[in-house]
Amino acid sequence: MTAETHSYDVVVVGAGGAGLRAAIEAHEQGARVAIVCKSLLGKAHTVMAEGGMAAAMANVWPEDNWRVHFRDTMRGGKMLNQWRMAQIHAQEAPDRVWELEEWGAVFDRTPDGKILQRDFGGHRYARLAHVGDRTGLELIRTLQNRVVAKKLDVFMECTVQRLLTAPDPATGGERVAGVFAYWRETGTFVRFDAPSVVLATGGIGKSWQVTSNSWEYTGDGQALALRAGAALMDMEFVQFHPTGMVWPPSVRGILVTEGVRGDGGVLRNTEGRRFMFDYIPEVFAADTADTEEEADRWYTDKKTARRPPELLPRDEVARAINSEVKAGRGTPHGGVFLDIASRRDAETIRRRLPSMYHQFKELADVDITKEPMEVGPTCHYVMGGIKVDPESQATTLPGLYAAGECAAGLHGSNRLGGNSLSDLVVFGRRAGAGAAAYAATLAGTERPVPDEAQVAETTAQALLPFERAAAGGDTENPYQLQSDLQAVMQSLVGIIRTEHELTQALKEISELRQRAERVAVEGHRQYNPGWHLALDLRSMLLVAECVATAALARRESRGGHTRDDYPGTDPVFARINHVVRLRDGAVDLTAEPLPEMPPELTSLFDPPAPAAPPASDVPPQSADAGQ
Ligand code: FAD
């Protein structure tokens, strides 16, 4: 029996932008809300977001509108996005930015006092509302102030281990009944009973060696959802941001914002060549400058000049850098040069990119106003995640909602920069509303009661690493396992993939899962990071298997998923999302047809977007998918 139990209408797991916005909305709809987060309030990943949030506000370019933003998002995602999510996002993002301003966010301004918007890759117009290169910090500060003002209950340094479920009389299956967690500081357990839970736990990048993600990104939300019976979608699509730091080794992977390129920075190889002109794909050729003169003119003349190729979507730029390094034209530390020093004056660089200036000065002893930066691809974002309904963010498990990076659908196979911060507030709000509305339908005795057996089972499972250490024998160290998993994901499920490598990855992940059954931890339960990691590993390994399984099944290259053995796009795969569920404990993949886009939206594309597939065209689950 758990010593500590709380009861709420809605429990939001995660205090990043998505979680905070969901909690505010659920509270405003009259629900009793708790926010539970693994780290301290204000420390979520969202704080690290630099460049800005995308919204077609037309402050800098009056020509901009939601339709152009929708089209850019779909094209960036290579048309695999859930079109309705892309539409809602493009339509509602401006309101969410103005709302943040109303709540106290201090955005940079245009000379005539409007919210300033900056250029980012894949966006037709300057569209990112920003606060220097510290936009995420301002977003969190603003939402957090509101959460505090509304006196919402926040449970910090509290890690959710399991979604609790109970029988659902409405469906005959299971529904959410709460969450089970442990306090990081004391190691004691705590239970939150609630008919609605919103997962807003962020991404999965900590399973790769070179990553811009922090220790928190272990895929907990995705694994919690999967284990409770919900489905994941598009897990093969992991974004490798083209520009992470490559030197010194201790900071490898830390992000270098796309804002550097948006503000005029260019990529060069060791021969001094602006190589992105050699990598302009056909689909973007009409919108991309093909001479340096035109590309440079674009910064001041967007009417007659086309965009520089450095601002192509991230997947294109990351692959180009990868190819240059492989061809022997990379820097001594395995990257390429990103040069803004020779293109903008020192005062502008320090004013526009203050965090980048300090980051390089302090971590790499490089003055970016005088020298180029060395950069290379870094694991950054997962487009896939928990499958949700576009309108309410409801998952396939009644009572469970998901928003932000842990949810799937908006970004398709590749996310455009700036579309995450707007995603968080647009769909965080909808998830909060959906969760509150669902909870409101369950009065008194209709509320689900968590299953005590699940609580007892999870408690016992969580304490196993200590028992193994006490018993001695053949045990595994959690840090070694994490390091081995990162090596597998980096080398076999990285930026370029092959069938042979993915098959090998699945075999190695399976071995790692067996080794994880022997993970042991010394010491006690008070603030024991080794124990925390041992518990996180369960999520990391399960999610890693989902990524490799979906990547093996998608025999084409699209967006963030590049197969060396299937380098082109395939029209059959253009029409399906891969959906993953757990069946009898095993990862099971199916292909589901994309929803049909209405004609008023297909007509925005030139050539028009392909029609939805007849069901018979959708490939059956591939023979290798379940391996
Ligand atoms: P997060 O902000 O990561 O919050 C996750 C929350 O879940 C945290 O509070 C964490 O403690 C909690 N949590 C996780 N697991 C558990 C658990 N088991 N139990 C309890 N709590 C848990 N996007 C843009 O649009 N524009 C940008 O300029 C931009 N720049 C970026 C720069 C960097 C360096 C990085 C890494 C990302 C950037 N992104 C940007 C992406 C964007 O910041 C993230 O996708 C977004 O912030 C994710 O927000 P979230 O609310 O989904 O999750």
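For the structure itself, look to the data block above.
(A) Looking closely at the packing of aromatic side chains. Within the structure shown, the criterion is met by 14 aromatic pairs. Both rings, one in Trp66 and one in Phe70, keep their centres 6.4 Å apart while their planes meet at 70°; by these two values the pair is edge-to-face. Of the two residues, Trp66 and Phe70 both sit in helix H2 (residues 66–76), four residues apart, roughly one turn of that helix. Judged by relative accessible area, which is 0%, Phe70 ranks as buried. A ring pair is formed by Phe275 and Tyr279, whose centres lie 6.2 Å apart and whose planes are at 90°; its orientation type is edge-to-face. Since its relative accessible area comes to 0%, Phe275 is described here as buried. A network of ring pairs unites the aromatic residues Phe180, Tyr182, Phe189, Phe466 and Trp531 as a single cluster. Looking at Arg124, its charged tip hangs above the ring of Tyr125, at a distance of 5.0 Å from the centre. Positioned above the aromatic ring of Tyr381, the side-chain terminus of Arg415 is 4.1 Å from the ring centre.

(B) Molecular detail of the pairing of strand E16 (residues 373–382). The element E16 is largely enclosed, with a buried count of nine among its ten residues. Alignment of strand E13 (residues 238–245) against E16, held across six bridges, turns out to be antiparallel. Each bridged residue has a counterpart across the sheet, and for Phe240 the counterpart in E16 is Cys379. Here three bridges tie strand E15 (residues 336–339) to E16, and the two strands are oriented antiparallel to one another. Of the residues in E16, the one forming a bridge with Leu338 is Met373.

(C) Structural context of empty space enclosed by the protein. Per the counting criterion, the structure on display carries six cavities of 30 Å³ or more. Estimates place the volume of the largest cavity at around 170 Å³. Around the largest cavity, the lining comprises 16 residues; the ones closest to its centre are Arg75, Gly122, Phe284, Asp287 and Arg307. Examining the composition of the lining of the largest cavity, we find that four residues originate from one element, H2, more than from any other. A class-by-class count of the residues in the lining of the largest cavity yields six nonpolar, four polar and six charged. Its volume calculated, the second largest cavity comes out at about 70 Å³. Considering the residues around the second largest cavity, the lining is formed by Val160, Gln161, Asp220, Ala223, Leu224, Arg227, Leu535, Asp536, Arg538 and Ser539. Secondary-structure elements contributing two or more residues to the lining of the second largest cavity are strand E8 (158–167), helix H5 (220–228) and helix H16 (529–553).

Conventions and cut-offs
- Residues numbered from 1 in each chain as written.
- Predicted model: local features only at pLDDT ≥ 70, side-chain atom pairs only at ≥ 80, totals over all residues.
- Heavy atoms only, no water.
- Phe/Tyr/Trp six-rings, centres within 6.5 Å; stacked < 30°, edge-to-face > 60°.
- Helix = DSSP H or I, 4+ residues; strand = E, 2+ residues; numbered from the N terminus.
- Buried < 20%, exposed > 50% of the residue type's maximum accessible area, 1.4 Å probe, protein only.
- Lys NZ or Arg CZ within 6 Å of the ring centre and 35° of its normal.
- Pairing = 2+ DSSP bridges.
- 1 Å grid on protein atoms, 1.4 Å probe; cavity = no way out; pocket = protein on both sides within 12 Å on 5 of 7 lines; lining within 4 Å.
- Points joined across faces, edges and corners; volume = space filled by probe spheres on them.
- Nonpolar A, V, L, I, M, F, W, Y, C, P; charged D, E, K, R; others polar.

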